[in-house]
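In case you want the letters, here they are:
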Amino acid sequence: MIQIDIEKLSEWHDLHHEKKLEKRYLTLKQIQPFLSGLDNLFKLNKIGESFEGRDIYELIFGAGTTSVFLWTQMHGNESTGTRAFFDLIKFFTEPGEHKWLADHILKECTVYCIPILNPDGAEAYTRVNAQGIDLNRDVLEVKAPESKLLQEMLKKINPQYCFNLHDQRTIFSVAPGHTTATMSFLAPSVDQDRTLTEGRKETMRVIASINEVIQQVIPGRIGRYTDEFYPTATGDNFQKMGHNTILIESGHSKGDYKRKESRRATFLALLEGLRYIGQKDKQIDHSKYFTIPGNEKKYLDIIVKNSMIAGKKSDFGILYIEKLQDGVIVFDPSIDQIGDLTDFNADKIIDGEGLDFVNENDVENWTKNRFN
Ligand SMILES: [Zn+2]
């Protein structure tokens with residue numbers, strides 16, 4: 001079995017990633033120059049339009065018999081996957097000493113990609129599309145034109161594997177120590193009983209192989225999403241239809257509000273995932289998937305310890321709510337919880353001894369003044 005050199009690939013990413021795409025706020029306009037300047041390794045087609053008439057494209061590369069379908073930013077404000085995707089595109093055009101890896105994937109797989117499935121949500125920096133629809137919960141009703149396109153493509157490609165790329169919130173953590181869940185994965189269930197079908201095991205194998213590799217760059221910071229069955233979720237339904245669907249959630253690392261680290265980890269995860277999918281003998285044991293610790297919600301942006309609130313000693317935890325303001329993302333500090341937060345972790349932990357608040361409103365006002 002051929003192995004990737006994770007250190008050298010990380011180094012490749014540090015040096016050569018797409019440096020014009022560093023910001024979290026990422027719209028169709030910003031990726032268009034990259035789409036029109038593609039190397040002839042890639043085929044580009046316009047496949048349709050969003051609700052507000054923005055273009056949606058498919059980009060195809062590789063000539064292999066295993067078909068893979070990948071889409072990014074189905075939630076408009078989750079751009080880390082798109083940025084990692086353009087790093088991947090750059091990798092195939094200038095792989096340097098990793099040419100064997102690029103050649104292996106191009107020979108074994110044909111990869112169909114939709115970069116930014118939800119361009120209206122990307123523009124408005126919202127999770128939902130312009131109709132207010134969550135595309136990841138629209139798989140049965142298909143009310144959004146973007147969902148319709150996704151399903152038409154699925155039918156046309158009939159992929160063996162899918163990659164569904166998302167960003168997860170800062171609150172997700174991994175035990176022990178409640179460190180950030182810098183990356184999380186899910187092999188979605190196909191029914192309420194979470195049956196281990198052969199297809200689902202295949203999905204688990206891909207994730208297990210990715211986990212082994214990226215544990216080397218973000219040790220202990222990889223989580224596994226709950227596999228509770230969501231009847232209206234895209235991944236669950238695609239998996240049920242026989243397309244092995246890998247959910248990737250790029251998350252937070254301490255102090256890394258641009259998500260540079262999870263972008264690199266997502267890039268590495270995609271490369272290892274494609275390498276593994278292209279490998280003829282798939283040896284890895286699917287049960288290794290279950291060694292990835294479950295995601296928990298024990299991480300906050302800021303914790304203030306030991307303050308007095310309405311006469312009671314209490315901690316409080318703050319999460320930044322991201323908002324688009326004049327084309328820039330601002331982080332608005334908001335109270336997420338009040339109580340005993342001993343069992344939580346945060347980017348910043350502050351001693352609030354001596355702070356005395358009349359009520360929760362008072363806490364909220366103090367927070368806005370102090371951290372804005
Ligand atoms: Zn999402």
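Note that the structure is predicted; figures quoted are calculated from it, not measured.

Parameters at a glance
Residues numbered from 1 in each chain as written. Predicted model: local features only at pLDDT ≥ 70, side-chain atom pairs only at ≥ 80, totals over all residues. Heavy atoms only, no water. Pairing = 2+ DSSP bridges. Helix = DSSP H or I, 4+ residues; strand = E, 2+ residues; numbered from the N terminus. Axes fitted to C-alpha atoms, helices over the stretch in contact; angles between N-to-C directions. Contact = heavy atoms within 4.5 Å. Polar contact = N/O pair within 3.5 Å; in protein donor to acceptor, adjacent residues only side chain to side chain. Donors = N, O, S within 2.8 Å, 3.2 Å for Na, K, Ca; no water. Tetrahedral: all angles 85-135°; square planar, octahedral: opposite > 155°, others 65-115°.

Peer 1: A description of the sheet that holds strand S1 (residues 43-49) should follow, citing residues and the corresponding values.
Peer 2: The sheet built from eight strands is open, its strands ordered S1-S2-S4-S3-S5-S10-S8-S9 with mixed pairing. In this open sheet, the two strands that pair with only one neighbour each are S1 and strand S9 (222-224). Pairs of neighbouring strands in the sheet enclose a mean axial angle of 20°, with direction left out of account. Sheet topology note: the strand S8 (residues 183-186)/strand S10 (residues 244-250) ladder contains four bridges and is antiparallel. Its bridge partner being in S10, Phe 185 is matched across the sheet by Ile 248. In the packing of helix H3 (residues 80-93) onto the sheet, contacts are made with strand S2 (55-61), strand S3 (66-71), strand S4 (109-114), strand S5 (161-167) and S10, and the angle to S2 comes to roughly 40°. Packed onto the sheet, helix H7 (residues 198-214) meets S5, S8, S9 and S10 and runs at close to 35° relative to S10.

Peer 1: Tell me what's going on with the environment of Ser 50, and back it up with residues and numbers.
Peer 2: Residue position: Ser 50 is located in the loop between S1 and S2. For the pair Ser 50 and Ala 144, spaced 94 residues apart in sequence, the C-alpha to C-alpha distance is 8.4 Å. Here Ser 50 is in contact with Ile 56, Pro 119, Asp 120, Pro 145 and Glu 146, once residues within four sequence places are set aside. Separated by 2.8 Å, the side chains of Ser 50 and Asp 120 make a polar contact.

Peer 1: An account of the coordination of the zinc ion is requested, with residue identities and associated values reported.
Peer 2: Ligation of the zinc ion by protein atoms is provided by His 75 (ND1), Glu 78 (OE), Glu 78 (OE) and His 166 (ND1), these donors lying 2.0 to 2.6 Å from the ion. Metal-centred angles of 55 to 154° between the four donor atoms at the zinc ion mark the site as irregular. Read N to C, the donor residues that coordinate the zinc ion are spaced as H-x2-E-x87-H. In this pair, Glu 78 sits in the loop between S3 and H3 while His 166 sits in strand S5, placing the two residues 88 residues apart along the sequence.

No statement about biological role is implied by the geometric values presented.
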